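Okay, here's what each chain looks like letter by letter:
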Number of protein chains: 2
Amino acid sequence: MTSTTTGVEAGVDTSLVDGLVADLSDWSVEPTALQAARRDRSGVPAPGDPAVVVRARSVAEVQHTARWCSATRTPLVVRGAGSGLAGAATAGAGVVVLDLSRLDRIVEVDPVDQVAVVEAGVVTAALDAAAAEHGLMYAPDPGSVGISTIGGNIATNAGGLRGAKHGVTREAVLALDVVLADGRLIHVGRRTLKGVTGYDLVGLFTGSEGTLGVVVGATLRLLPRPAAVATALATFTSVAAAAAAASAVVSSGVRPLVLELVDGATLGAIDALAGTALQVATGPSGAVLVAQTDGSSSAAARGELDRLAAVLTPLALTVEATDDAARAEQLLTARRAALPAVERRGRVLIEDIAVPLSRLAEAVEGVQGIAAQTGTEIYVLAHAADGNLHPLIAVPGGSGEGQDEAPLPPQVLAAADAVFDLALRLGGTVTGEHGVGSLKREHAARELGPDVVELQHQLKAVLDPSGILNPHTTL
Amino acid sequence: MTSTTTGVEAGVDTSLVDGLVADLSDWSVEPTALQAARRDRSGVPAPGDPAVVVRARSVAEVQHTARWCSATRTPLVVRGAGSGLAGAATAGAGVVVLDLSRLDRIVEVDPVDQVAVVEAGVVTAALDAAAAEHGLMYAPDPGSVGISTIGGNIATNAGGLRGAKHGVTREAVLALDVVLADGRLIHVGRRTLKGVTGYDLVGLFTGSEGTLGVVVGATLRLLPRPAAVATALATFTSVAAAAAAASAVVSSGVRPLVLELVDGATLGAIDALAGTALQVATGPSGAVLVAQTDGSSSAAARGELDRLAAVLTPLALTVEATDDAARAEQLLTARRAALPAVERRGRVLIEDIAVPLSRLAEAVEGVQGIAAQTGTEIYVLAHAADGNLHPLIAVPGGSGEGQDEAPLPPQVLAAADAVFDLALRLGGTVTGEHGVGSLKREHAARELGPDVVELQHQLKAVLDPSGILNPHTTL
């Protein structure tokens, strides 16, 4: 039995978790480890320090931890990379943190079955790279793809830029290995592409944010990797024009791989960071669309891009289409640099609403109106082909060390509330792909209504009768 | 208050359901109606006559019926077109049958949002036709698409020929209106393409075969309708060669719209029905693949077909590719005429296993081996791109009136059992797209294992505490 830090070495009282850690190989009560587990990428840490961070090295250790937490009624919070944006994996006072990032084995990639079998801690990009060796891809591509784990992707039903064409995480998950709250290990789903035996438990666990069970492994569907991608950038003098053009693309029957809308405020931030002149081209109230198409050959991808460009051209200020890789990288800066550019301006709340496609322009303009009304800076990115907006709300006061402990200013909270209200008013949802976590519980409850919330509580009680699994995230 | 048949007119005692029917506009206790409700397309009627057939004309009538059944603990079986193949909607002794086929309104088709809102009784093909007016399609296309209802599709999570490329019913369902066992109406899901607020209740109800709630309406995702389709027929001297070729197509990165395998026995039946010479071309132990590709133009669809044909040609006896519509219709006979041709030979049990893609050849050959061992006639069709096989087991003794009341001969039961065993031995499932129904409960329980079955029972108890919803179908 080894541990990275024993209670004795750390000079910390571990008596509360002695019964847990005695049978574990890797755990920590070091303040830095506990502090880190309070945080995700939402910028809002959980209050208080967790009791211990368990770094599971095997499914048996996960089972042991679940059993111990159930027996002692200790809250259990599962973490992967900590890249979540809704406070689902942030561990507060007294919590046992179960870090699955060491369960990072790609068990197999089967190019004939077109499936991968992985442990929960595998990094999304590592899986996609392994798939690429066989001409395949793992389609879901959340922005955090370089660091996020498959387990975290499954916990949030993560989306990404390619979701509108190739599906989100749920569409890629064929089967799951799940440790239940009582420590039993079950397997749900199957390795076949089709299958309807029994209730859709794969769907029930996917997106349940660690509240129904601990996903330790997954069988994932892989898709043929596009042989070629082509890229376009279109500029518009208004957000409404860009949103209308995105809608026209979708209505035309073109199915872009990527169709990203970036508003003028964000373009200004990108220009400042990357030395581009995007906002100069569009004006401060303009916007761009960054589009990509894929195909089984360069000609196919380019043919699809030409169709897309033909839709955009009458609606845009300028349209540039390319299948040159280097030029494509330059065009993609308008999207890739967006978040880093805005984050340079301070602490950022990343919101995540989705609306029906016909309401996209109203949603973007509505967010801009909220910024004006609340006196906040809000930058807007959108996955335009599926109506999923990420308003980035800048928090005044910088982003220095420990800054995230400061309460959010009232105008920021008012802006966030107004954004959620807007989403619901437009027939949308308060979270398109990031999850409810601990931060959006109230708004989610309003979206779902009391009957559905009650039903969720009842389902939760079946799977987690002691209520130990991520209680701070449960609606 | 009108009714098609009152108890008095029919001379039948309705005292048991008086409290129910007094508030309904359309119901029947006529023997022909009751007899019809005992049956679906599985060929195995439920034992005994149901008590009444309620033809709901409104959601309020569905709620009333659910409330009455809950209060009186009367089993409630929901039906659409009765086109199911697993005995999920077959209503036995004393049951209240809730026929939703009159709830057949297409509420809206929104070409910008790319969604349709429909009542549960809308016929699948009618929805697809309404979508086609806007250049869209409803992608799931079960074999029964011309008669089956959306509610039935949702109840079984129906698949179809285009499932491997464009998804099955689950992928098309964005939101559901569900009447719970206690009569409450809830709305789950949303109109947005992405959304992760709360547990995936849409997924939980989809495929639950009427055991968790009564789906009365749905918001469905529509996809751009392919502008063009191209068709190919490839012949092979063995099933193994055809299955290997299908696997090669999938591995090549081509994503066919349709990729159907038809075995030699079935080809013989088609030749007898349609005057073709398919089995003459392949020999009795041969097979064909019928393939289609889609695209945004004739050139795109044909380009994809040419890629597909290039994969098939070195592996096939012959490959014919066409984008001529009339010739395509002739080639498609090899698939379209399959079921009618086999049904001409007598009563048919339509099985529905799925296996990982790499096991397709073993599965088809395994089924042929079972036919030989059990002395039965089994014809095999497969949706080859998703490993979904339909072994058609011919029942000796003809298909005359009332023939379906006869018990299935022991060799047919033995063959069916062996087919299910084969599916599980190959890492597959006992039902790819038809559902468990009342006919595959035992085999499904074996596939799922006791822990998952127990979990299903617990989830069922949350949604249907009195156990009134399709109790004959619940695992």
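- An unreviewed UniProt entry lists chain A under the name Glycolate oxidase, from Quadrisphaera granulorum.
- What the UniProt record of chain A gives under Cofactor (unreviewed entry) is the line "FAD".

1. Things to note about the relation of the copies chain A and chain B
Here comes step 1: Rotating chain A by 180° and moving it 0.0 Å along the rotation axis overlays it on chain B with an RMSD of 0.0 Å. Read as a symmetry element, the transformation amounts to a two-fold axis. Among all C-alpha atoms of chain A, that of glycine 203 of chain A lies closest to the rotation axis, at 2.9 Å.
Here comes step 2: Of the residues that chain A buries at the interface, 100% are likewise interface residues in chain B, meaning the two copies contact each other through the same surface.

2. Regarding the interface of chain A and chain B
Here comes step 1: Across the contact, 78 residues belong to chain A and 78 residues belong to chain B.
Here comes step 2: Taking both partners together, chain A and chain B bury about 6,000 Å²; carbon and sulfur atoms supply 61% of that area.
Here comes step 3: Where chain A touches chain B, the interface holds 10 salt bridges.
Here comes step 4: Of the charged contacts in the structure, one is a salt bridge between arginine 190 of chain B and glutamate 447 of chain A, with a shortest N-O distance of 3.2 Å.
Here comes step 5: For the pair chain A and chain B, the interface holds 36 residue pairs in polar contact (both at pLDDT 80 or more).
Here comes step 6: No other element matches the 10 residues that helix α19 (residues 450–463) of chain A contributes to the side of chain A that touches chain B.

3. Observations concerning unusual backbone geometry
Here comes step 1: Even without glycine at this site, glutamate 209 of chain A takes up a positive phi of about 50°.
Here comes step 2: Along the chain, the position of glutamate 209 of chain A falls in the loop between α9 (201–205) and β10 (214–221).
Here comes step 3: Residue glutamate 209 of chain A is classed as buried on the basis of its relative accessible area of 7%.
Here comes step 4: For arginine 73 of chain B, which is not a glycine, the phi torsion comes out positive at approximately 55°.
Here comes step 5: When you line up the elements, arginine 73 of chain B lands in the loop between α4 (59–72) and β3 (76–79).
Here comes step 6: We classify arginine 73 of chain B as exposed; its relative accessible area is 58%.

What counts, and at which threshold
Residues numbered from 1 in each chain as written. Chains lettered and ligands numbered in written order. Predicted model: local features only at pLDDT ≥ 70, side-chain atom pairs only at ≥ 80, totals over all residues. Heavy atoms only, no water. UniProt positions renumbered as here; feature names shortened; annotations may be inferred. Least-squares fit on C-alpha atoms with pLDDT ≥ 70 in both. Contact = heavy atoms within 4.5 Å. Buried area = accessible area lost by both parts, 1.4 Å probe. Salt bridge = Lys/Arg side-chain N within 4 Å of Asp/Glu carboxyl O. Polar contact = N/O pair within 3.5 Å; in protein donor to acceptor, adjacent residues only side chain to side chain. Helix = DSSP H or I, 4+ residues; strand = E, 2+ residues; numbered from the N terminus. Buried < 20%, exposed > 50% of the residue type's maximum accessible area, 1.4 Å probe, protein only.

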